[in-house]
Amino acid sequence: MEADRPTVVIIGGGFSGTMLAAELARKGLASTLIEGRGRAGEGTAFSTDEKAHLLNVPAGRMGAWADQPGHFASEVAREGYEPHEFVPRKRYGEYLRKILNDAAASGQVRIVQQDAVAAERAGDGWEVRLADGSRVAGHALALAQGNQAPQALPYARGIDEKFFVNDPWSEEGRAAIVRAAATGGDVLLIGTGLTMVDMVLTLDEVRLRGRMTAVSRRGQAPRAHADHGSAPVTQEEVPHGSLRKAWRWLLNRGAAVGWRAAVDSLRPHSQALWQSWSASEQRRFMRHARPWWDVHRHRIAPEVGGRIKRLVQIGRLEIVAGQVTDMWVKGNKLDVSIKRRGKKAADDHGFALAINCTGPLGAISQSKDSLLRSLFEAGLARPDALDIGLEVDGHSRVLGAGKAWALGPLTKGRYWEITAVPDIRGQVAAVADDIAKEMGHAVQS
Ligand SMILES: Cc1cc2nc3c(=O)[nH]c(=O)nc-3n(C[C@H](O)[C@H](O)[C@H](O)COP(=O)(O)OP(=O)(O)OC[C@H]3O[C@@H](n4cnc5c(N)ncnc54)[C@H](O)[C@@H]3O)c2cc1C
């Protein structure tokens, strides 16, 4: 073991890993946080430099500590932000980094800037191998690698990355977007969700002269937040156990109190609702209801919604219901066949760049993360029944591993709504308690 005192090795320095390290430090427990992309204390969501990228949750709900949901709002109040306002994500990254730096200054957190490439059991604990060949040992392991990079699109195979960005969140992806904007050509966004919104804002900020086309099967873009009354419901009022009944309930409730209030009223119950469905119902939800749910549940800041609307109105952005069927490079541009919904044939269009905005990888068994692969191969972790995350128990312990936990989007098979800060912070606090118990520490509350 690295030291005599119990240490938790945390893989990933996004919100989940950062806050686990901070929660453990508060309990007097040591951790080593391993972050591979230089994003310790920021992760994927909060490492953007783009000021136009706003949080999609109001400041008042973005406190990082489970026992202080108003913590972030009080931090930014002195900068003039009100709790109902949407603060730049970059500012949230600074907030998280400060929490991590404070935890590191306490002597409880060691930050290692390296890719973790494998993990194996060593005695009663764990040993993690890093990209430079060195090893880090710990008594427990916490997996907080976040979402996996998007799936490669079959028609984009072999297309030079000058013309096609598969992972818009990678450093290479971010650089390619800025480079393409300078060419003045049109840009294609494949997918019309939150990633598309971010990319449109970035392209608009870097003054793309060309037009943007965003395409998805249904052409549904995220809705914007707007003031609405709240209409809370108790768990007993929501029909559990049947997707069809829950869906009918949601539509009826939406008609009575407005869709925003109806969707929001499910927030405290969504994990229990998800867990009340069989795996085949969960699959049915993902296939049929998810596109609607995602754009209504994960809403964007009103100012962002207004900007997207304006770009559509002035013809700089077109949101298309349809499908990309093929693409190929011709001279200095990318030709793309797009079949619009309701049309028999596809039309070809030329673009300077296409960006994969379809969101994170669906099938975790296909992950290229070599640490995850090492766990799968050794039988120390396995995909959940839907293959969207790791199989974990009700304490977020990785099944098959022993003394290993998973956090955040890696656990969406069990919890489904484990994407936004208000959901993840509760999980992080519960996991910190569980780890403290496992390590024989009295839980300080
Ligand atoms: C663009 C975007 C905007 C969002 N906006 C909001 C918002 O406004 N409000 C909100 O509440 N939620 C928001 N979310 C959702 C949510 O906050 C994030 O999903 C959450 O931060 C997840 O954190 P995470 O730490 O689990 O994952 P991530 O943030 O993805 O962090 C994982 C980290 O692990 C590192 N890593 C991965 N594999 C390895 C490895 N093998 N070795 C070492 N390091 C590794 C990565 O480099 C990364 O830094 C947003 C998400 C995204 C993607």
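The coordinates are above.
Residues numbered from 1 in each chain as written. Predicted model: local features only at pLDDT ≥ 70, side-chain atom pairs only at ≥ 80, totals over all residues. Heavy atoms only, no water.

Caption draft 1: Main features of the pattern of salt bridges. All chains considered together, the criterion is met by 28 salt bridges. Between aspartate 204 and arginine 316 there is a salt bridge whose closest N-O contact spans 2.8 Å. With a gap of 112 residues between them, aspartate 204 in helix H5 (residues 194-205) and arginine 316 in the loop between helix H10 (302-313) and strand E11 (317-330) connect regions that are remote in the sequence. What makes aspartate 204 buried here is its relative accessible area of 15%. When the shortest N-O distance is used, the salt bridge between aspartate 264 and arginine 299 registers 2.8 Å. Highlighted residues: aspartate 264 in helix H7 (residues 259-265) and arginine 299 in the loop between helix H9 (279-297) and H10, separated in sequence by 35 residues. Judged on exposure class, the residue aspartate 264 and its partner arginine 299 are both buried. Shared partners join several salt bridges into a network, and the residues in it are Asp204, Glu205, Arg307 and Arg316. (Salt bridge = Lys/Arg side-chain N within 4 Å of Asp/Glu carboxyl O. Helix = DSSP H or I, 4+ residues; strand = E, 2+ residues; numbered from the N terminus. Buried < 20%, exposed > 50% of the residue type's maximum accessible area, 1.4 Å probe, protein only.)

Caption draft 2: Representation of helix H6 (residues 243-257) within the structure. Compared with the 21 Å implied by 1.5 Å per residue over 15 residues, the 21 Å span of H6 between its first and last C-alpha is a close match. Every buried residue belonging to H6 is among Leu243, Ala246, Trp249, Leu250 and Gly254, and all of these are buried. Buried residues along H6 cover an arc of 135 degrees about the axis, so they all sit on one side. Every exposed residue of H6 that faces more than 90 degrees away from the buried side is listed here: Arg244, Asn252, Ala255 and Ala256. Packing partners of the buried residues in H6 comprise H7, helix H8 (270-276) and H9. At the exit of H6 stands glycine 258, carrying a positive phi of roughly 95 degrees. (Expected span 1.5 Å × (residues − 1). Arc of directions from axis to C-beta. Contact = heavy atoms within 4.5 Å.)

Caption draft 3: How the structure looks around the site of the ligand. Close to the ligand lie 35 residues; Ser16, Glu35, Thr44, Asn56 and Thr419 are nearest. Residue asparagine 56 places a main-chain N or O atom 2.7 Å away from an oxygen atom belonging to the ligand. The contact in question runs from a nitrogen atom of the ligand to an N or O atom on the side chain of aspartate 115, over 3.2 Å. Protein contact buries 92% of the 990 Å² of open area that the ligand shows by itself. Mapped by element, the contributors of at least two residues to the shell around the ligand are helix H1 (15-26), strand E2 (30-35) and helix H13 (421-438). Among the elements that take part in the shell around the ligand, H13 stands out by supplying three residues, more than any other. Across the shell around the ligand, the residue classes break down as 16 nonpolar, 12 polar and seven charged. (Near = heavy atom within 4 Å. Polar contact = N/O pair within 3.5 Å; in protein donor to acceptor, adjacent residues only side chain to side chain. Areas by Shrake-Rupley, 256 points an atom, 1.4 Å probe, with all protein chains shown as cover. Nonpolar A, V, L, I, M, F, W, Y, C, P; charged D, E, K, R; others polar.)

Caption draft 4: Seen up close, the sheet that holds strand E10 (residues 212-216). Ordered in space as E8-E14-E9-E10-E11-E12-E13, the seven strands form an open sheet in which the pairing is mixed. At either end of the open sheet lies a strand with only one pairing partner, and these are strand E8 (164-165) and strand E13 (347-351). Bridging between E11 and strand E12 (residues 333-340) involves eight bridges; their strand directions are antiparallel. Bridge pairing in E12 links glycine 322 to arginine 340. Sheet contacts for H5: strand E9 (187-190), E10, E11 and strand E14 (353-356); angle to E9, the most-contacted strand, approximately 160 degrees. (Pairing = 2+ DSSP bridges. Axes fitted to C-alpha atoms, helices over the stretch in contact; angles between N-to-C directions.)

Caption draft 5: Quick look at the sheet that holds strand E3 (residues 109-113). Ordered in space as E3-E2-E1-E7-E15, the five strands form an open sheet in which the pairing is parallel. The open sheet has two free edges, formed respectively by E3 and strand E15 (404-406), since each of these has just one partner strand. Along the sheet, successive strands turn relative to each other by an average axial angle of 20 degrees, direction set aside. Taken together, the three bridges between strand E7 (residues 140-143) and E15 define a ladder with parallel strand orientation. Note that in E15 the partner of leucine 141 across the bridge is alanine 404.

Caption draft 6: Local environment of the packing of H6 against H9. The N-to-C vectors of H6 and H9 enclose an angle of 20 degrees; their axes lie 11 Å apart at closest approach. What the angle tells us is that H6 and H9 run roughly parallel. Between H6 and H9 lies a crossing of right-handed hand. For the pair formed by H6 and H9, the contact residues are Leu243, Arg244, Trp247 and Leu250 on the first element and Glu281, Arg284, Phe285, Ala289, Trp292 and Trp293 on the second. A per-class count over the contact of H6 with H9 returns seven nonpolar, no polar and three charged. (Parallel < 35°, antiparallel > 145°, perpendicular 65-115°, else oblique. Left-handed = near helix turned anticlockwise from the far one by under 90°.)

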